[in-house]
Every structure is written in C-alpha cells, then in structure tokens.
Amino acid sequence: MMEGQEKPLRAAVIGLGSMGANHARVLADTRGIELVGVVDTDPVRIAAATSGRVTRGFATVDELFQAVSPVLVSIVVPTLLHESVALDVISRGASVLVEKPIAATLGEGRRIASAAAARGVIVSVGHIERFNPAIQELKRRLADGQGGRVLQLRARRVGPFPHRIRDVGVIHDLAPHDIDIMRYLLGDDIDWVFADARRHINTDNEDMFAGILRFGSGAMGLLDINWLTPMKERSLSVLCERGMFVVDYAAQSLGFYENFAAVARDGAIASVTEGPMTRYPIANREPLRAEIEAVRDAVASGGPAPVTAHDGLVALAVSEALVRSSESGSTVHVEAIDL
Ligand SMILES: NC(=O)c1ccc[n+]([C@@H]2O[C@H](COP(=O)([O-])OP(=O)(O)OC[C@H]3O[C@@H](n4cnc5c(N)ncnc54)[C@H](O)[C@@H]3O)[C@@H](O)[C@H]2O)c1
C-alpha cells in the first residue's frame, strides 16, 4: 500500500477447488486486500494456489489463524461443510464471505447468521450474479420505471453435469442464483412455489427441474435449471408491460424488446407489438472482483454486507420449498425468515 493509505485487509481462502482458486486469484490482486493464507485438505491445491504468490498455505483453519490471523475469510468448501467451517472462522472473530448457498439446510444457515451477529462480524453470501454488470444495468433501468410493471421473470441456467458436486442437487446448487436475482431486481419476496424435478445422472439428488415462483406483487418467476444440457446457458428475461429485457450472464449483455402498444389508460395492457430491440452498451467486468471489492468495503466500514445472511437464508428457504414441492407434487408456501 502507498503511504497514507489504510492498512490492507488481511484475507484468506478456505477451499481451493474450482471456485476457491478464483477467490484466491482475485483476493491476491485486489487493492486494499492482502491474501495472507489459503487452506485446503489437498496439498496439491495449496501448492497451486501459493505458487508465485507470497501467500502461505495451511492444512487446517487452526494453523491459519495461529500463523496469520485473517480478518476476512472466503469459505469455498463444499456446501455440506459451510456451517462447520463458517462457525469455526466466526468464533475466531473474522468476517466471512461464504459461497452460495449459505449452507446445506436452513437450520445450518441460521446458525451461521446468529453466530456472526453474536460475535459482531459480517457474513456476506456469494450471490455473485448481483455483481454482473448487465444485472446492475438492468436493476437501474427497472428502478427508473423503464418497461413498467414486471409481469414475469424467466431464468434458464443449464449445462453439463459437474461430477465434482455430489453433496447437493441442482436445486440447491444453482437455483439460489436465480431466486436471489429475481428478489433483488423486484425488491419483492416469494409467497409460494411449485416444482417438478428429476434425477437422471446424479445418484442421490435431482439434476433437472422446472419451477414456478409466485411473488407478493403477483409477478411470476419461471426457473428452467438442469445439469443435463450439452451446452451452457445462463440467461434471464424480464417481461414488463412495455417491453422485455433479456440478459445473457456470460456475455454480460442486456437488450430490450419494446412493446409500443403497451398500456391503456386504466393501467391494463392494451396490446402487444413486436417492437424494435435495443442492445445497451455494458462495460464488462469480472463479477467476483466487484463482489470482493464490495465485501472489502463492508468489512472496512463495519457493514452492512453487500449480500446479507438474510438474503442467503431467503434464497435457501425458497430452494428448500422447491425441493419439498417436487417431492409432494403440491405448491409449497415459503417460510418467512426473521433474523
Ligand atoms: N458463486 C458461484 O458462481 C459458485 C460457483 C461454483 C461453486 N460455488 C460454491 O463454492 C463451493 C465450492 O464449490 P467448488 O465447485 O469450488 O467445489 P470443489 O469440489 O471444486 O472444491 C472444494 C474444495 O474444498 C476442499 N475441501 C474439502 N473439505 C475441506 C476442509 N474441511 N477444509 C479445507 N478445504 C476443504 C477440497 O479439497 C476442494 O479443493 C460450493 O458451496 C459451491 O456451491 C459457487
């Protein structure tokens, strides 16, 4: 750091797999952060994450804290381990950026949130899509009233089966992204859900599902999510009275199809036309970098977290409701989260 600047935030990563390696890379070169340590049970992954960096590698959380005492820790272990690792880190007084979903079950997630509140540290949940610049631009346009009332949000998140993920099904692994984005864009919560799910390759959990979300405003959310598609697609369309927004997450693109004939005087939709499409210029940026910068600023200023434990718990509560619906064949009411 240059003279006169604050001391960098001492950060660490626990879990250096496919996502954790990205946390280590971004933390290592983000201004205002010093990546002081990384932890994994696999020494090969530690070697890969420390190679060419001043960062030290450790086999356990205990050794990490004994040696380098970080104040911010990215928790990127498999979802089933989020609770035990997060509680361990929080008990030592560090803030956490825990990957999504916040935990494997709502009970586990609640224990993380309560422990952090009791210890006075920050929990931010890795709902990374909020930091996609196309979503940021869409959020601004919806807040400005472009498009009018939102009628329907439709998310497609499909691709090949990731053999490394065995601990949870596709609902818990991928749906929290889309549930969180829909809540974030609408500023509204989900009353009830319905889902139909199947298991084809995954031995223990569902790997394909379709879901319907009913928002308090009456808006409808549609989820088409699976691990069985031989190409990757991550897209969102937001159908409004006066047009439809379309986001491609990977391309970080945002378009708007206009409906000229939209709204009659009484507020009802008068008609629908196939209007022109406008593509908005978006400055591309790595969402993980924007997320980590927001967490850095929250920890430095004492909060609030950019994506709160409450946000993470709501996304998980909706995911759990989707699983229950797929098992019962009925709509399921979503439990309110009081923290
Ligand atoms: N935000 C996103 O877009 C995104 C993308 C991928 C994964 N994730 C989340 O990140 C988490 C990890 O997923 P992944 O795909 O990187 O998994 P992964 O299996 O590739 O990596 C997990 C790593 O944790 C290590 N590990 C296991 N137990 C450990 C322990 N007790 N202590 C320290 N290290 C341990 C493993 O050796 C491995 O290196 C999951 O919760 C997943 O949902 C989020």
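Computed from a predicted model, the values in this text were never measured in an experiment.

### Thoughts on helix α6 (residues 133-143)
Every buried residue of α6 is listed here: A134, I135 and L138. Down the axis of α6, the buried set is contained in an arc of 95°. They therefore lie on one face. Residues R140 and A143 are exposed on α6 and point more than 90 degrees away from its buried face. Residues of α6 that are buried make contact with α7 (170-186), β11 (233-240), β12 (243-248) and β13 (253-258). At the C-terminal side of α6, G145 shows a positive phi close to 90°.

### Quick notes on unusual backbone geometry
In the segment running from K100 into P101, the intervening peptide bond is cis, with an omega of -10°. Counting through the fold element by element, P101 comes out in the loop between β5 (95-99) and α5 (106-119). Cis geometry is found at the peptide bond from G303 to P304, where omega equals 0°. Topologically, P304 is positioned in the loop between α8 (287-301) and α9 (309-328). Backbone geometry at S69 places phi at a positive 30°, although glycine is not the residue there. Take S69: there are 14 C-beta atoms within 10 Å of it, and that puts it in the partly exposed class. Of note in the backbone geometry, Q252 takes a positive phi value of approximately 55° without being a glycine. Residue position: Q252 is located in the loop between β12 and β13. Q252 sits in the partly exposed class, given 19 other C-beta atoms within 10 Å.

### Notes on the environment of S253
With respect to the helices and strands, S253 occurs in strand β13. Along the chain, S253 and T229 lie 24 residues apart, while their C-alpha atoms are 22 Å from each other. Those residues in contact with S253 that lie beyond four places of it in its chain are A134, D248, R279 and I282.

### Things to note about the environment of Y184
Along the chain, Y184 turns up in helix α7. As a C-alpha pair, Y184 and P281 span 97 residues in sequence and 22 Å in three-dimensional space. In this structure Y184 touches R130 and K139, once residues within four positions along its chain are discounted.

### Quick look at the nonpolar core
Counting residues in each nonpolar core, the largest one holds 96 residues, and the members touching the most others are I14, I75, V96, I112, V123, V238 and V318. It is α9 that provides the largest number of residues to this core, a total of 10 residues. Two domains each put at least three residues into this core: domain 1 (9-128 + 288-307) and domain 2 (130-285 + 318-333).

### Re the domain arrangement of the chain
Structurally, the chain comprises domain 1 (9-128 + 288-307) and domain 2 (130-285 + 318-333). A separation of 28 Å is found between the C-alpha centroids of domain 1 and domain 2. The interface is formed by 15 residues belonging to domain 1 together with 12 residues belonging to domain 2. Its residues assigned to classes, the side of domain 1 that touches domain 2 shows 8 nonpolar, 4 polar and 3 charged.

### So, the sheet that holds strand β15 (residues 332-333)
Spatially, the 9 strands line up as an open sheet ordered β14-β13-β12-β11-β7-β10-β9-β8-β15, and their pairing is mixed. Only two strands of the sheet have a single neighbouring strand rather than two, namely β14 (277-280) and β15. Inspection of the sheet shows strand β7 (residues 150-158) paired to β11 by 8 bridges, in the antiparallel sense. Paired with A155 across the bridge in β11 is L236. Contacting β8 (190-198), β9 (208-215) and β15, α9 runs over the sheet at an angle of about 50° to β8.

### Looking at the site of the ligand
Looking at the ligand, there are 23 residues lining it, with G15, G17, S18, M19 and E99 nearest. Taken together, the residues of the shell around the ligand sort by class into 9 nonpolar, 7 polar and 7 charged.

### Topic: the pairing of strand β4 (residues 72-75)
Alternating residues of β4 divide into L72 and S74 and V73 and I75, and every residue in both groups is buried. Relative to β4, strand β1 (residues 9-14) runs parallel, the two being bridged by 4 bridges. Opposite V13, over in β4, you have S74 as the bridge partner. With 4 bridges connecting them, β4 and β5 associate as parallel partners. When the bridges of β5 are listed, L72 appears paired with S95.

### Side note on the packing of α6 against α7
The N-to-C vectors of α6 and α7 enclose an angle of 35°; their axes lie 9 Å apart at closest approach. Seen from α6, the contacting residues are I135, L138, K139 and L142; seen from α7, they are I181, Y184 and L185.

Rules used in this analysis
- Residues numbered from 1 in each chain as written.
- Predicted model: local features only at pLDDT ≥ 70, side-chain atom pairs only at ≥ 80, totals over all residues.
- Buried ≥ 20, exposed ≤ 12 C-beta atoms within 10 Å, placed from the backbone.
- Helix = DSSP H or I, 4+ residues; strand = E, 2+ residues; numbered from the N terminus.
- Arc of directions from axis to C-beta.
- Contact = placed C-beta atoms within 7 Å.
- Core = buried A, V, L, I, M, F, W, Y, C linked by C-beta atoms within 7 Å.
- Domains from an automatic or database assignment.
- Nonpolar A, V, L, I, M, F, W, Y, C, P; charged D, E, K, R; others polar.
- Pairing = 2+ DSSP bridges.
- Axes fitted to C-alpha atoms, helices over the stretch in contact; angles between N-to-C directions.
- Near = placed C-beta within 6 Å.

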